[in-house]
Amino acid sequence: MIMVTKNQTPSGIVEEFMDWIRQRNPGEREFHQAVYEVGVNVLPFLLEHPEYREAEIFRRLCEPDRIVIFRVVWQDDQGNIQVNRGYRVQHNNAIGPYKGGIRFHPSVNLSILKFLAFEQTFKNSLTGLPMGGGKGGSDFDPKGKSDSEIMRFCQSFMSELYRHIGPYTDVPAGDIGVGGREVSYLFGQYKRLANQFTGVLTGKGLAFGGSEIRVEATGYGCVYMMEDMLKHSGEDIDGKTAVVSGSGNVALYAVEKLIELGARPVTLSDSSGFIFDPAGINNEKLAWIKELKENRRGRISEYAAEFGVEFHQGKNPWVVPCQLAFPCATQNEIRKADADRLLQNGCIAVAEGANMPSEQAAIDAFQAARILFAPSKAANAGGVAVSGLEMTQNSMRLSWSREELNRHLREIMLEIHNRCVQYGTEDDHFVSYLRGANVAGFIKVADAMLAYGVM
Ligand code: NDP
């Protein structure tokens, strides 16, 4: 039990808890980091809430309900047999079916998926929709693969996964390396094996049960969160310079919304480097990038050649002066030195489009500087929120309009913002969106777990 003695300080309790986590999950660096990021707020909160503490809710929440690990065998275009590993971490279904994306990337391992599933549980709770947390994926690298190789891999992956998921059990979606094309192959194979047309995946094509706004939702939602934070602190997004990393689903639609709201996005990146366009990325340039990334599957360096701007090979964009930063590529892409550089250059707000893109020391630097900082579980919750609405539409067997869904997304992001303010406002009126998101996300799941008794 999380014992509280007179001499124990909040930091002592966190350290003791983390020793337990590290011992139980050796070598899982990203998972330790994710638990610490939540625990540092939730464990002190438990000091005032013996009902959660005595029932060991947080300790239970650090142990996934179930993890499935399986072999994925497929044949490449040359006829060679390839072997990959597939995973599904079903983290917690206290408030709804497991819900969370599937990632295909060579870096995928158990630690990364456990961190993502853990985060997802709190994020899904924050949306206010009835969704539990899960995450899955494979160490398969889609880069450079032909369409038929991608199809064969997806079919093989789903041939095992299908027995563990279902519209009332676990509803996966896309993530890094899994976009519309992959979701379609996965859904097609599920439908064939289960002989059922059900809303078992989200991010589907509009012709077969997909939802309007799902593609845009994570990027748009992240910018809405930024807009709300700025408004709450008496600022405006209009006219501000924004640095964005990544050039995938989240990054491109964050840029689209930034342009619409009058901000000036000046960078995009991929794993090879970043482009810096001081004039700002506008709608015409964005359309060109979408065609490059979504249809030709090209590299962001080609933008530099096309529009005559700088490409910085092997670098990330945090050196570029800006007021707003949107990390939208991957975990731990903002290191402490990057955070210091952003602060020196006048950055006043960060909204995390990617999952856990700031390492802990970078978060500490942002919090110490008292800038606006929206952690991923709040800032990128728009994607899963619209996935939740896709599930609702599938259950009702109807489709809502784009306008209606965008209105829902806007309202959900504002509610997330307001929950963060409710639980994160400090005595001097500074809002720790980090603490607000962690505590608000925890309470709903914890109350459900308390109600179920000991399990
Ligand atoms: P995509 O696969 O569409 O794009 C990922 C982008 O990030 C690409 O530009 C990719 O470059 C870059 N990237 C990936 N890994 C690295 C790396 N190790 N170093 C540098 N750049 C990298 O993924 P998404 O846009 O969907 O996801 C981005 C982030 O947002 C992830 O953290 C994901 O978990 C999170 N997220 C996504 C949601 C969604 O709805 N899609 C919902 C909530 C969170 P390259 O092509 O060179 O690999």
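Above: the structure in question.
Residues numbered from 1 in each chain as written. Predicted model: local features only at pLDDT ≥ 70, side-chain atom pairs only at ≥ 80, totals over all residues. Heavy atoms only, no water.

Novice: Mind showing me how you'd approach the site of the ligand here?
Specialist: Taken together, 24 residues sit near the ligand, with Asp175, Thr218, Ser271, Arg299 and Asn355 positioned nearest. A distance of 2.9 Å separates an oxygen atom of the ligand from a polar side-chain atom of Arg103. One nitrogen or oxygen atom from the side chain of Thr218 is found 2.7 Å from an oxygen atom belonging to the ligand. Those elements that provide at least two residues to the shell around the ligand are α8 (214–232), α9 (249–260) and β8 (267–270). Residue composition of the shell around the ligand, by class: 5 nonpolar, 13 polar and 6 charged. (Near = heavy atom within 4 Å. Polar contact = N/O pair within 3.5 Å; in protein donor to acceptor, adjacent residues only side chain to side chain. Helix = DSSP H or I, 4+ residues; strand = E, 2+ residues; numbered from the N terminus. Nonpolar A, V, L, I, M, F, W, Y, C, P; charged D, E, K, R; others polar.)

Novice: Which parts of the structure should I look at to understand the layout of surface pockets?
Specialist: Over the atoms a probe the size of a water molecule is rolled, and this reveals where empty space is left. Of the volumes computed, that of the second largest pocket is approximately 430 Å³. Forming the boundary of the second largest pocket are 17 residues, of which Pro167, Gly199, Met391, Asn394 and Ser395 lie nearest the centre. Residues of the lining of the second largest pocket, tallied by class, amount to 8 nonpolar, 7 polar and 2 charged. (1 Å grid on protein atoms, 1.4 Å probe; cavity = no way out; pocket = protein on both sides within 12 Å on 5 of 7 lines; lining within 4 Å. Points joined across faces, edges and corners; volume = space filled by probe spheres on them.)

Novice: How should the packing of helix α6 (residues 147–161) against helix α7 (residues 180–194) be read in this particular structure?
Specialist: A pair of packed helices can be characterised by two numbers: the angle between their axes and the separation between those axes. For the pair α6 and α7, the least separation of the axes is 8 Å and the interaxial angle reads 45 degrees. The angle between the axes of α6 and α7 places the two elements in the oblique class. The two elements α6 and α7 meet at a crossing, and its hand is right-handed. Across the interface between the two elements, Asp147, Ile150, Met151, Cys154, Gln155, Phe157, Met158 and Ser159 of α6 pack against Arg181, Glu182, Tyr185, Leu186, Gln189, Tyr190, Arg192 and Leu193 of α7. Broken down by class, the residue content of the contact of α6 with α7 amounts to 9 nonpolar, 3 polar and 4 charged. (Axes fitted to C-alpha atoms, helices over the stretch in contact; angles between N-to-C directions. Parallel < 35°, antiparallel > 145°, perpendicular 65-115°, else oblique. Left-handed = near helix turned anticlockwise from the far one by under 90°. Contact = heavy atoms within 4.5 Å.)

Novice: What exactly am I supposed to notice about the pairing of strand β4 (residues 133–138) here?
Specialist: Consecutive side chains along a regular strand alternate between the two faces of the sheet. In terms of burial, β4 is largely enclosed, as 6 of its 6 residues are buried. By the alternation rule, side chains of β4 split into Gly133, Lys135 and Gly137 and Gly134, Gly136 and Ser138, which are all buried. Sheet analysis places strand β2 (residues 81–92) next to β4, joined by 6 bridges and oriented antiparallel. What sits directly across from Arg88, in β4, is Gly136. Tracing the backbone out of strand β3 (residues 98–104), into helix α5 (residues 110–126) and back to the parallel element β4 gives a crossover that is right-handed. (Buried < 20%, exposed > 50% of the residue type's maximum accessible area, 1.4 Å probe, protein only. Pairing = 2+ DSSP bridges. Right-handed = clockwise from strand over helix to strand, strands pointing away.)

Novice: Got a minute to help me understand the nonpolar core in this structure?
Specialist: One recurring pattern in soluble globular proteins is that nonpolar side chains are buried together. The biggest cluster of nonpolar side chains holds 62 residues, and the ones touching the most others in it are Met225, Met226, Leu268, Phe326 and Ile416. Among the elements that make up this core, the one with the highest residue count is α8 (9 residues). Contacts of Ile416, omitting those with residues within four sequence positions, involve Leu126, Thr127, Met225, Ala378 and Ala381. The next biggest cluster of nonpolar side chains, apart from the first, holds 38 residues, and it includes Ala34, Leu61, Val108 and Ala446. (Core = buried A, V, L, I, M, F, W, Y, C linked by side-chain atoms within 4.5 Å.)

Novice: Quick question: what am I supposed to make of the sheet that holds strand β12 (residues 349–351) here?
Specialist: Strands belonging to one sheet form pairs held by backbone hydrogen bonds; the direction of such a pair is parallel or antiparallel. Strands sit in the order β7-β6-β11-β12-β13 across an open sheet of 5 strands; the sheet is parallel. The open sheet has two edge strands, β7 (264–265) and β13 (372–374), and neither has a second partner. Sheet topology note: the strand β11 (residues 324–326)/β12 ladder contains 2 bridges and is parallel. Across the sheet, the residue bridging to Leu324 is Ala349, located in β12.

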